[in-house]
Protein chains: 4
Amino acid sequence: MNKDAAATRLLLVGAARRRFAFDGYRATTVRDIAADAGVNVALINRYFVSKEGLFRACLDRAAGGLQPDIRNLDRVLDDLVDHVVSSPTDEDSMQLLLLVRSTGDDRVDVIRRETLRHHAERLTAAAVPDRAGSPDDALLVRAQIALSVVLGMTMMRTATRVEPLASADEALLRAPLRAALHALLVL
Amino acid sequence: MNKDAAATRLLLVGAARRRFAFDGYRATTVRDIAADAGVNVALINRYFVSKEGLFRACLDRAAGGLQPDIRNLDRVLDDLVDHVVSSPTDEDSMQLLLLVRSTGDDRVDVIRRETLRHHAERLTAAAVPDRAGSPDDALLVRAQIALSVVLGMTMMRTATRVEPLASADEALLRAPLRAALHALLVL
Amino acid sequence: MNKDAAATRLLLVGAARRRFAFDGYRATTVRDIAADAGVNVALINRYFVSKEGLFRACLDRAAGGLQPDIRNLDRVLDDLVDHVVSSPTDEDSMQLLLLVRSTGDDRVDVIRRETLRHHAERLTAAAVPDRAGSPDDALLVRAQIALSVVLGMTMMRTATRVEPLASADEALLRAPLRAALHALLVL
Amino acid sequence: MNKDAAATRLLLVGAARRRFAFDGYRATTVRDIAADAGVNVALINRYFVSKEGLFRACLDRAAGGLQPDIRNLDRVLDDLVDHVVSSPTDEDSMQLLLLVRSTGDDRVDVIRRETLRHHAERLTAAAVPDRAGSPDDALLVRAQIALSVVLGMTMMRTATRVEPLASADEALLRAPLRAALHALLVL
DNA sequence: AATGAATGAGGTTTCATTCAT
DNA sequence: GATGAATGAAACCTCATTCAT
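Within each chain, residues carry numbers counting from 1 in the order of the written sequence. Chains carry letters and ligands carry numbers; both start at the beginning, A for chains and 1 for ligands, and go up in the order they are written. Totals for whole chains, interfaces and linings use every residue, but because this is a predicted model, local features are given only for residues with pLDDT of at least 70 and side-chain atom pairs only at 80 or more, for both listing and counting. The side-chain figures draw on all heavy atoms in the structure; neither hydrogens nor water molecules are used.

Enquirer: Can you walk me through the interface of chain A and chain B in this structure?
Expert: The parts lose accessible area when they come together, and the size of an interface is often stated as this lost area. Note on contacts: a residue pair is in contact if any heavy atoms of the two residues lie within 4.5 Å. The partner chain B presents 38 residues to the 38 residues of chain A that form the contact. By buried area we mean how much accessible surface two parts lose on assembly, using a 1.4 Å probe and totalling the loss over both. Buried surface at the junction of chain A and chain B, summed over both partners, amounts to about 3400 Å²; 75% is from carbon and sulfur atoms. We define a salt bridge as a contact between a side-chain nitrogen of Lys or Arg and a carboxyl oxygen of Asp or Glu at a distance within 4 Å. Between chain A and chain B we count zero salt bridges in total. Here a polar contact is taken to be a pair of N or O atoms separated by no more than 3.5 Å, where protein atoms must pair a possible hydrogen donor with a possible acceptor and residues adjacent in sequence count only if both atoms sit in side chains. Remark: the boundary between chain A and chain B carries eight residue pairs in polar contact (both at pLDDT 80 or more). We count a stretch as a helix when DSSP gives it H or I for four or more residues in a row; a strand needs E for two or more, and each element gets its number in order from the N terminus. For the side of chain A that touches chain B, the element with the highest residue contribution is helix H8 (residues 137–160) of chain A, accounting for 16 residues. For this scheme, ten residues count as nonpolar: Ala, Val, Leu, Ile, Met, Phe, Trp, Tyr, Cys and Pro. Four count as charged, namely Asp, Glu, Lys and Arg, and the remainder, Gly too, count as polar. Considered class by class, the residues forming the side of chain A that touches chain B number 26 nonpolar, four polar and eight charged.

Okay, structure coming up:
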């Protein structure tokens, strides 16, 4: 019995992120999460009020990752590629998946969409620094397509687990992925 | 009160495809599907044994779509692009989404993965006709990344509905999407 | 297995009225009610949406009873007395108890209070027919005190079961009860 | 952080009486009581073993109130009337309510019934002093009906809050209430 | 003595499925 | 063949209580 509340919360959020990202919101039960975290189910409600509250907490942390705040487009592309190639193993790789997992609650949906839009705006800022303030739709669409690539691949590799993509070596992934992103973001 | 069994089955599969693709497997209830189809709930079990059986029937039909059986790579790329731009409105646009919706049943998962792999092989065949019989992993990976692009965008447009991507005009989508696919499949 | 929906609803409402009146809203579980009615628990939600919906349905029926729509005050007093003396055995005797059982839901509380007030107004109309339209507070208070007597005794006899009151013979109850009501309503 | 155990107990019993009387036993949570008392929840179990133990402690104190140990019937009637008119505000007014709040535990029920019966006997002693030792059922029933009046009105005024009764002025209540009690207890 | 963390039992509700007409 | 009724399993959540500090 661990008597550290903060640690327990982290345990729960960690377990929840994995389950939500991998199995989807509806398919994961709070008992699954609690079992993974090794704590009692009731603590989910105690600390996060509801299953949805726990999901929201996962989103909050997820919003932190995938932050390309550098002005160097090359570095940004590298980050995106890194994000994908590390996907089945890395902790952060599930953050993007969380953003497409629906809970059925409208307020959560709004947060999800805003977060995704925010990421896209950051990408456009990196791609066309001089027009950073007011990106037009054409640019945003390109950025969001780029995010779609990352998202689609992460799904295929982690959730759907299609071979050979899922267990493909880093060497096989980097070149084509970078080519695709390059075609989208470098004008 | 439709006395034509075959027609009822079609009605159910149609409604189920929409629901499964859009809301996910767990989030859609058989009552939703039956209501959409305008038939009695019990008929789902009568005709498809179980909810999972209905999903399997949707997969069977889904496997039929997205068949690039032409040897012309240009046409194939056009088909993929068409698939995406028609996504929120078109009936067939949800077929790919079905392939990433998990049911929790392992046997269904196998079918899903095989279908996706099959699609990838067809894509490689179109890309490199002379090596059609035995594609190497590098080619398959490229094809699956291409599918990931289509898949990721379809999710963003239909399920997640991120703007401006979701309601972007065809004119804004075609060029970047085609560029990305070109970078992936044309060597 | 009874396949008559209307009959099942009646069964449930009947069992619920007894339980709610006797044990109180919070103390009665939907499983208790379903067991008493001899039907499956899920039917409560099917037919009445929620436990609270079932309670509301009980209130609706309860509102029908205890209707002294006769202009003869003597008859009205007799009715009230009858209501009390029949209390532990009679079906209708629990209707007044329902009106003081709180659910915690504010909307239900409003209904309860309105129903009680409505009963009081009817009583005043019987007591002072010529001022039926606009009873003043003094009259309403007297009527509500009379209702309190009926209510208090019903509680004591059915829920609390204090002896000798609970099993007191009709002969012992009528005279004092009627005297009290007379003192309240006959000016 | 009160270091005085006795004071903490009083705080808890006070808060519990209010909650139990007003909301009922099942509807009040031990956390509510602890919060009202401003102490930690675990102390309820520490000092009173269980929620039921706390209720029992409330009953013990409640038994002390409403003691018409005077031989003057007029004074006794005044006390009863006072008890009712002071009901929404006064601390002691909830003591009678406690006596009709069931916990579901049979042993507690016995205590409750005995306490109520005891009160009735005291009333008969005041009404007919010469037969104080062995009251017959007819007298006890009259006394218990009188208690029912007080109880019913207290419920209507505090728990159900029916208007105009709940906020009726003392002047409007005294006369009819005394008339009813007089009809019951003065032979 | 007091507190916050943790637990387990039990409550309501949802939902896929089966039964009977 | 089709329908509404009925069922049981399981999900989320609440809450009294116990544990460890």
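Text resumes after the structure shown.
Enquirer: Would you mind showing me how to read the pattern of salt bridges here?
Expert: Any two side chains of opposite charge can pair, so long as their charged atoms come close to each other. Enumeration according to the criterion identifies 42 salt bridges over all chains in this entry. Close ionic contact of arginine 107 of chain C with aspartate 105 of chain C constitutes a salt bridge, the shortest N to O distance being 3.1 Å. Note on classification: 1.4 Å probe, protein chains only; a residue is buried when its accessible area is under 20% of the maximum for its type, exposed when over 50%, partly exposed between these limits. Given a relative accessible area of 13%, aspartate 105 of chain C falls into the buried group. Note that aspartate 74 of chain D and arginine 178 of chain D form a salt bridge whose closest N and O atoms lie 3.7 Å from each other. Here aspartate 74 of chain D is found in helix H5 (residues 73–85), whereas its partner arginine 178 of chain D is found in helix H9 (residues 170–185), with 104 residues between them in sequence. Taking relative accessible area as the criterion, aspartate 74 of chain D reaches 46% and is therefore assigned partly exposed. By relative accessible area, which is 25% here, arginine 178 of chain D ends up partly exposed. One salt-bridge network, held together by shared partners, links Arg19, Asp23, Asp32 and Asp36 of chain A.

Enquirer: Can you walk me through the relation of the copies chain A and chain B in this structure?
Expert: Two copies of one chain are present, and they are related through a rotation about an axis combined with an axial shift. Least-squares superposition of the copies uses the C-alpha atoms of those residues scoring a pLDDT of at least 70 in each of them. It takes a turn of 179° to lay chain A on chain B, together with a shift of 0.0 Å along the axis; the resulting RMSD is 0.3 Å. The two molecules are tied by a two-fold rotation axis, judged by turn and shift. Mapped onto chain B, 100% of the interface residues of chain A are again interface residues, and the two copies thus contact each other with one and the same surface.

Enquirer: I would appreciate a short explanation of the packing of helix H8 (residues 137–160) of chain B against helix H9 (residues 170–185) of chain B in the present structure.
Expert: For any two helices packed against each other, the geometry comes down to the angle between their axes and how far apart the axes lie. Residue and element names in this part refer to chain B. H9 packs onto H8 with a crossing angle of 155° between their chain directions and a minimal axis gap of 8 Å. The pairing of H8 with H9 is recorded here as roughly antiparallel in orientation. Residue-level contacts link Arg142, Ala143, Ile145, Ala146, Val149, Met153 and Arg157 of H8 to Leu173, Leu177, Leu181, Ala183, Leu184 and Leu185 of H9. A breakdown of the residues in the contact of H8 with H9 according to their chemical character gives eleven nonpolar, no polar and two charged. Axes, fitted as lines to C-alpha atoms, cover a helix only where it is in contact. Angles between the N-to-C directions of the axes lie from 0 to 180 degrees. Orientation categories follow fixed angle ranges, with anything under 35 degrees roughly parallel, anything over 145 roughly antiparallel, 65 to 115 roughly perpendicular, and all other angles oblique.

Enquirer: Got a minute to help me understand the environment of arginine 157 of chain D in this structure?
Expert: Residues and elements named next belong to chain D. Here arginine 157 lies in helix H8 (residues 137–160). Taking the C-alpha atoms as reference points, arginine 157 and serine 87, 70 residues apart in sequence, are found 7.2 Å from one another. There is a polar contact of 2.9 Å between the side chain of arginine 157 and the backbone oxygen of leucine 165.

Enquirer: What is the right way to read the arrangement of the chains from this model?
Expert: Where chain A comes nearest to chain C, the C-alpha atoms are still 20 Å apart, and the two do not contact one another. Chain B makes no contact with chain D; the smallest distance between any of their C-alpha atoms is 34 Å.

Enquirer: Which parts of the structure should I look at to understand the domain arrangement of chain A?
Expert: Residue and element names in this part refer to chain A. Domain limits in this description derive from either an automatic procedure or a database domain assignment. What the domain assignment reports for chain A is domain 1 (5–61) and domain 2 (65–185). In this structure, domain 1 and domain 2 have C-alpha centres spaced 24 Å apart. Opposite the 15 residues of domain 1 that make contact, domain 2 presents 19 residues. Roughly 1600 Å² of surface becomes buried between domain 1 and domain 2 when both sides are summed, with 62% attributable to carbon and sulfur atoms. Three residues, Arg17, Phe22 and Leu59, lead the burial of domain 1 against domain 2; their summed loss comes to 36% of the area buried on that side.

Enquirer: So what exactly am I meant to see when it comes to unusual backbone geometry here?
Expert: Trans peptide bonds make up most of the peptide bonds, and negative phi angles are found at most residues other than glycine. The omega angle of the peptide bond from glutamate 163 of chain C to proline 164 of chain C is 5°, so this bond is cis rather than trans. Phi angles above zero are rare outside glycine, and valine 49 of chain A is one such case at about 70°. Within the secondary structure, valine 49 of chain A sits in the loop between helix H3 (42–48) and helix H4 (51–64). Its relative accessible area of 67% is what places valine 49 of chain A among the exposed residues. Even without glycine at this site, arginine 161 of chain B takes up a positive phi of about 55°. For arginine 161 of chain B, the location among the structural elements is in the loop between H8 and H9.

Enquirer: What should I look at first to understand helix H9 (residues 170–185) of chain A in this one?
Expert: For an α-helix, the turn length of 3.6 residues means that residues three or four places apart are oriented alike. Residue and element names in this part refer to chain A. Every helix has an expected span of 1.5 Å times one less than the residues it contains. In this model H9 runs 22 Å from its N-terminal to its C-terminal C-alpha over 16 residues, within 8% of the 22 Å that 1.5 Å per residue would give. Buried within H9 are the following residues: Leu173, Pro176, Leu177, Ala180, Leu181, Ala183, Leu184 and Leu185. Looking at where H9 begins, the residue whose side-chain oxygen comes 3.1 Å from the main-chain nitrogen of alanine 171 is aspartate 169.

Enquirer: Just to check I follow, could you spell out the packing of aromatic side chains for this structure?
Expert: Here a ring pair, both rings aromatic, is described through the centre-centre distance and the interplanar angle of the planes. Planes of paired rings set the category: under 30 degrees apart is stacked, over 60 is edge-to-face and the rest tilted, where pairs are Phe, Tyr or Trp rings (Trp by its six-membered ring) whose centres lie within 6.5 Å. Across all of its chains, the model carries twelve aromatic pairs over all chains by this definition. Summarising the aromatic geometry, the rings of tyrosine 25 of chain C and phenylalanine 55 of chain C are spaced 5.3 Å apart at their centres and angled 80° between planes, so their arrangement reads as edge-to-face. Pair noted here: tyrosine 25 of chain C is in the loop between helix H1 (5–23) and helix H2 (30–37) and phenylalanine 55 of chain C is in helix H4 (residues 51–64), with a separation of 30 residues, a long-range link. Accessibility expressed as a relative area gives 7% for tyrosine 25 of chain C, which makes it buried. When its relative accessible area of 0% is taken as the criterion, phenylalanine 55 of chain C is described as buried. Each residue in the set Phe20, Tyr25 and Phe55 of chain A is aromatic and connected to the rest through ring pairs, giving one cluster. A positively charged side chain is recorded as over a ring if its NZ (Lys) or CZ (Arg) lies within 6 Å of the ring centre. The angle to the ring normal must also be within 35 degrees. When the ring centre of phenylalanine 48 of chain C is taken as origin, the NZ or CZ atom of arginine 9 of chain C, which lies over that ring, is 5.4 Å away.

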